[in-house]
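# Architecture at a glance
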Amino acid sequence: MTQRASELSGEQRAGAPGRGLTAAEVAERISRGEVNDVPVRSSRSLTEIVRANVFTRFNLIIGVLWVIMLAVAPIQDSLFGFVIIANTGIGVVQEWRAKKTLDSLAVVGESKPVVRRDGKAAAIHTSEIVLGDLIELGPGDKVVVDGTVAEADGLEVDESLLTGEADPVLKKTGDTVMSGSFVVAGGGAFTATKVGREAYAAQLAEEASRFTLVRSELRSGISTILKYITWMMVPTATALVISQLVVKEHNFKDSIARTVGGIVPMIPEGLVLLTSVAFAIGVVRLGRKQCLVQELPAIEGLARVDVVCLDKTGTLTEGGMDVTELRPLGDAEEPYLRRVLAAFGASEPRPNASLQAIIDAYPAPEEGAWTTTGTLPFSSARKYSGAAFTEDGGASSAWLLGAPDVLLSEDDPALAEIGQLNEQGLRVLLLARARGELDAPDAAQGAEPAALVVLEQRLRPDAGQTLAYFGEQRVATKVISGDNAVSVGAVAAKLGMEGADHPLDARRMPEDTDEMASAMEQNAVFGRVTPQQKREMVAALQSRGHTVAMTGDGVNDVLALKDADIGVSMGSGSEATRAVAQIVLLNNSFATLPSVVAEGRRVIGNITRVATLFLTKTVYSVLLAVLVVCFQVEYPFLPRHLTLLSTLTIGVPAFFLALAPNKERAHPHFVRRVMRYAIPSGVICAAATFVMYLIARHHYSGTGALDAETSAATLTLFLVSMWVLAIIARPYTWWRICLVAAMGLAFLIVLAVPWLQDFFALKLVGTQMPWTAVGIAVVASVALEYAWRLVGRRFGG
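Residues numbered from 1 in each chain as written. Predicted model: local features only at pLDDT ≥ 70, side-chain atom pairs only at ≥ 80, totals over all residues. Heavy atoms only, no water.

## Description of the overall build of the protein
Counting its regular elements, the protein contains 29 helices and 21 strands. Taking the principal axes of its C-alpha atoms as reference, the protein extends roughly 120 × 65 × 40 Å. Taking all 797 residues of the protein together, 55% fall into the buried category. Looking at the protein alone, contacts between residues at least 24 apart form 73% of all its contacts between residues at least 6 apart. Summed over its atoms, the accessible surface of the protein is roughly 33000 Å², and 57% of this surface lies on carbon and sulfur atoms. Both charge centroids of the protein, one from 72 positive and one from 83 negative side chains, sit 11 Å from each other. (Helix = DSSP H or I, 4+ residues; strand = E, 2+ residues; numbered from the N terminus. Buried < 20%, exposed > 50% of the residue type's maximum accessible area, 1.4 Å probe, protein only. Contact = heavy atoms within 4.5 Å. Areas by Shrake-Rupley, 256 points an atom, 1.4 Å probe, with all protein chains shown as cover. Lys, Arg positive; Asp, Glu negative; His and termini not counted. Charge placed at Lys NZ, Arg CZ, Asp CG, Glu CD.)

This is the structure we're talking about:
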């Protein structure tokens, strides 16, 4: 749309009935503030980012505990507070990077409406529109502000995004158009009557374009988990406080420190951070590939997709076409037909791809041109357009150009010839002389065939590889096109698409949703599909439990894009498609989709991995607190011990694992999958650690016994937690092995270096208890392996 102003000829601009506002009138309205100043926000502000990352429920809890620890214990028992500050800072920086990427891409992909001022059409930013501006409309254009129609040429507007009514509304001069609707056929212009926040869809548009981390199974699943954890924490922490402060009679400050040491690890503070960081880095990565993610959950959603519906034109084929042949029918002569096509092309100021190919092949002569007396804009529903002329000799004629199988009767002999061309993947249009009025409902009836216009479509060089990728990933692809089914099938066959040799004409599709779903599952290529049918096809697939993505670039794809689970639009597509799509491929390359799928799988698979790590810690922390209360013993750990364990077995490894490549297909039921592994893992960790602690309590006595017991228990918990990490890090690669080994080496260094021993209060006493800790950890690791395999066999991984 940004180039439409340059596509309009000078004669067309000068001959327009309305000249629009003058420069002085525009300046006057700007001074009065009558400007379309709705802020176009594609992301959260820096203030909102900081607020969302800092002011969280768990940061509040940890902040209070941190202040308490700073008052009663050495600095090493307050390390967890500094870790939270670092984590929050990382989250803010990463989301700020994502915001800048998203904002810059939004500017690149922004559509510019064409406004007529002083009789000249020019593309301007939406925010520069003023009250009273005359805004031009063409097929696929979105109505950006409310207004009144000033010019109409077969103008049909779809208001389904506002009213839910799918049928286009024919607009005439004086009718009202609402922001948020879009043009499906014809053209015209309207005068802006409401701009800025007064426009009907202003608030909707602002909200729809906002950077968001909500409405995803991943995010809602984590919120559910955090809610359950809060419920568990309150009674457990209360009982622990009473146990350590009232029941046990030892140093008050030490009691406080050990109580806090029991509460802090219950909080999976890094889980939300890593999820936000993974999403944010996904935006940055995709942004480098010119992919605009208008809603972050779309990254996750496309990874869950199992059916991708493709529009052929603009997706499998490039936008342009070439006329390869003009075949006269009957007594028509080719030179005359060339004049007809040249006049037909000149009659449409905003040609689609097919008509543009005809204009390129048959340009209108500068002198002696025919006069256009009427036009019928192309409509996806009727599959043809029309134009009426006064020829240079004074004779009048009316012509239709469109789908042969729509304009011709089923027994017409020309259809056999057309079928042979379609089988070669060629696109064929029929030029026919109309007998009645162009705007009559039966304008196509009785039309006299004059010529076949044969067009060759340009295949996207990377489309075949992309289709192959989806096949390898067990994602079904369905080509849904308004073109002839045989022709579409031939194009898909050239790209090696499975099932392309059995195309189905959508005019023979059953109307029953269940029967349509069966037809959709059994076939891969569909032709002569109307916009409403595309929508019904998507709904039919969804009724069978499929997660459906829809790609497209034309106005006829909008309804299906809107209803699909994930809508993907080409950057060169109509403004309406870009407005409703969650993902916009600014480079117009279908081959970018695998990158989006891979990014979504990386996010989902890796967050599932690290969530298991974090929740294993939460489970064993809660169980240890419960056991301590039940057995009426001192809590075995100080905060410094669990900060060290959390950093080495969860924090650092989780950060690398969350950002690693992961091609595993996304699975549903995130919460169930994580808890199936986290609960048994946490139970085994807690049991092994507490058993070792009780054994050490019976072994050690005298001064320093509690420190020795704590060190033995810490060694056990570290070894068992390391085994959980080793399981989650599978399948192993060189860097995963190095990561696990580095964490183990770091713990050994703490045990070996005297000043680190003192700093973390870790010193193994004797040899019997340390080796007992190792033995218990080995038994627990065997139990972990058995538990994970049992869960995998029972629940399918």
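## Description of the pattern of salt bridges
Here the idea is simple: oppositely charged side chains can pair when their charged atoms come close. Across all of its chains, the model carries 25 salt bridges by this definition. Residue Glu 300 is joined to Arg 304 by a salt bridge in which the shortest nitrogen-to-oxygen separation is 3.0 Å. Taken together, the residues Glu 300 and Arg 304, both in helix α12 (residues 297–304) and four residues apart, mark about one turn of the helix. Each member of the pair, Glu 300 as well as Arg 304, is classed as buried. Put simply, Glu 634 and Arg 697 hold a salt bridge, and the shortest N to O gap is 2.8 Å. Here the residue Glu 634 occupies a position in the loop between α23 (593–631) and α24 (639–658), and Arg 697 occupies one in helix α25 (residues 670–699), the gap between them amounting to 63 residues. Looking at Glu 634, the relative accessible area reads 15%, which means it is buried. (Salt bridge = Lys/Arg side-chain N within 4 Å of Asp/Glu carboxyl O.)

## Some remarks on the pairing of strand β16 (residues 476–480)
Consecutive side chains along a regular strand alternate between the two faces of the sheet. Burial of β16 is extensive: four of the five residues sit out of reach of the surface. Examined bridge by bridge, strand β9 (residues 307–310) and β16 share four bridges and lie parallel to one another. Paired with Val 307 across the bridge in β16 is Ala 476. As paired strands, β16 and strand β18 (residues 525–527) are joined by two bridges and run parallel to one another. Looking at β18, one finds that Ile 480 is bridged to Phe 526. (Pairing = 2+ DSSP bridges.)

## Description of the side chain of Glu 599
The residue Glu 599 is located in helix α23 in this model. Once you skip the residues sitting within four places of it in the chain, Glu 599 turns out to touch Gly 282, Arg 285, Leu 286 and Ile 299.

## Observations regarding the environment of Gly 402
Note that Gly 402 resides in strand β13 (residues 396–402). Classification of Gly 402 by relative accessible area gives buried; the value is 3%. Separated by 47 residues in the primary sequence, Gly 402 and Leu 355 place their C-alpha atoms 10.0 Å from one another. The residues touching Gly 402, leaving out its near neighbours within four places in the chain, are Lys 383, Tyr 384, Leu 407, Val 428, Leu 429 and Leu 430.

## A few points about empty space enclosed by the protein
This structure, assessed with the given rule, holds two cavities of 30 Å³ or more. Volume-wise, the largest cavity comes out at about 50 Å³. In terms of residues, the lining of the largest cavity owes the most to one element, α23, which gives four residues. Of the pockets and cavities examined, the second largest cavity occupies roughly 30 Å³. As for the second largest cavity, its lining consists of Leu 302, Ala 303, Val 305, Val 308, Phe 470, Val 475, Val 597 and Arg 601. When contributions to the lining of the second largest cavity are tallied by element, the ones reaching two or more residues are α12 and α23. Split by residue class, the lining of the second largest cavity holds seven nonpolar, no polar and one charged. (1 Å grid on protein atoms, 1.4 Å probe; cavity = no way out; pocket = protein on both sides within 12 Å on 5 of 7 lines; lining within 4 Å. Points joined across faces, edges and corners; volume = space filled by probe spheres on them. Nonpolar A, V, L, I, M, F, W, Y, C, P; charged D, E, K, R; others polar.)

## What about a nonpolar patch on the surface?
Nonpolar side chains collect at one region of the surface, where Leu 46, Val 50, Val 54 and Phe 55 lie side by side and expose about 350 Å² of accessible area between them. In this fold, Phe 55 is placed in the loop between α4 (46–54) and α5 (57–72). The exposure class assigned to Phe 55 is exposed, which follows from its relative accessible area of 66%. (Patch = residues over 30% accessible without salt bridge, like charges linked within 9 Å, V, L, I, M, F, W, Y side chains within 5 Å.)

## Re the side chain of Arg 427
When you line up the elements, Arg 427 lands in strand β14 (residues 427–433). When neighbours within four sequence positions are excluded, Arg 427 is seen to be in contact with Thr 313, Met 321, Ser 354, Val 453, Val 454, Leu 455, Gln 457, Asp 483 and Ser 487.

## Some details on the nonpolar core
Counting 96 residues, the largest nonpolar core has Phe 80, Ile 607, Val 610, Leu 613, Phe 670 and Phe 747 as its most contacted members. Ranked by residue count, the leading element in this core is helix α26 (residues 705–728), at 13 residues. Residues contacting Phe 80, with those up to four places away along its chain left out, are Ile 62, Leu 65, Trp 66, Met 69, Val 260, Val 264, Pro 639 and Thr 643. If you look at the next biggest cluster of nonpolar residues, it comprises 37 residues, including Val 283, Leu 286, Ala 298 and Ile 566. (Core = buried A, V, L, I, M, F, W, Y, C linked by side-chain atoms within 4.5 Å.)

## Quick word on the pairing of strand β7 (residues 182–194)
Within β7, ten of the 13 residues are buried, which leaves the element mostly enclosed by the surrounding structure. Two elements, strand β3 (residues 134–137) and β7, share four bridges in a ladder whose sense is antiparallel. Pairing of Ile 135 across the sheet is with Phe 190, part of β7. When strand β4 (residues 146–158) meets β7, the two strands line up antiparallel, connected through ten bridges. Looking across to β7, one finds that Val 157 is bridged to Val 183.

## Some thoughts on the environment of Ala 23
By secondary structure assignment, the location of Ala 23 is in helix α3 (residues 23–31). For Ala 23, a relative accessible area of 52% gives the class exposed. Along the sequence, Ala 23 and Gln 294 sit 271 residues apart, while their C-alpha atoms lie 35 Å from each other.

## Topic: the packing of α24 against α26
At a closest axis distance of 9 Å, the pairing of α24 and α26 adopts a crossing angle of 10°. In terms of axis orientation, α24 runs roughly parallel to α26. Contact with α24, carried on its side by His 641, Leu 642, Leu 645, Leu 648, Thr 649, Pro 653 and Leu 657, involves Thr 710, Thr 714, Leu 717, Phe 718, Ser 721, Met 722, Leu 725 and Ile 728 of α26 and no other residues of that element. (Axes fitted to C-alpha atoms, helices over the stretch in contact; angles between N-to-C directions. Parallel < 35°, antiparallel > 145°, perpendicular 65-115°, else oblique.)

## Here's the deal with the sheet that holds strand β17 (residues 504–505)
Across the sheet, which stays open at both edges, the eight strands sit in the order β8-β21-β20-β19-β9-β16-β18-β17 with mixed pairing between neighbours. At either margin of the open sheet sits one strand with a lone partner, and together these are β8 (291–293) and β17. Relative to the sheet, helix α20 (residues 531–543) contacts β9, β16, β18 and β19 (548–552), its axis offset from that of β19 by approximately 160°.

## Considering the packing of α23 against α24
It is at 9 Å that the axes of α23 and α24 come closest, and there the two elements cross at 170°. With respect to α24, the element α23 is oriented roughly antiparallel. Between α23, through Arg 602, Asn 606, Val 610, Leu 613, Phe 614 and Lys 617, and α24, the contact on the second element is made entirely by Ser 646, Thr 649, Ile 650, Ala 654, Leu 657 and Ala 658. A breakdown of the residues in the contact of α23 with α24 according to their chemical character gives seven nonpolar, three polar and two charged.

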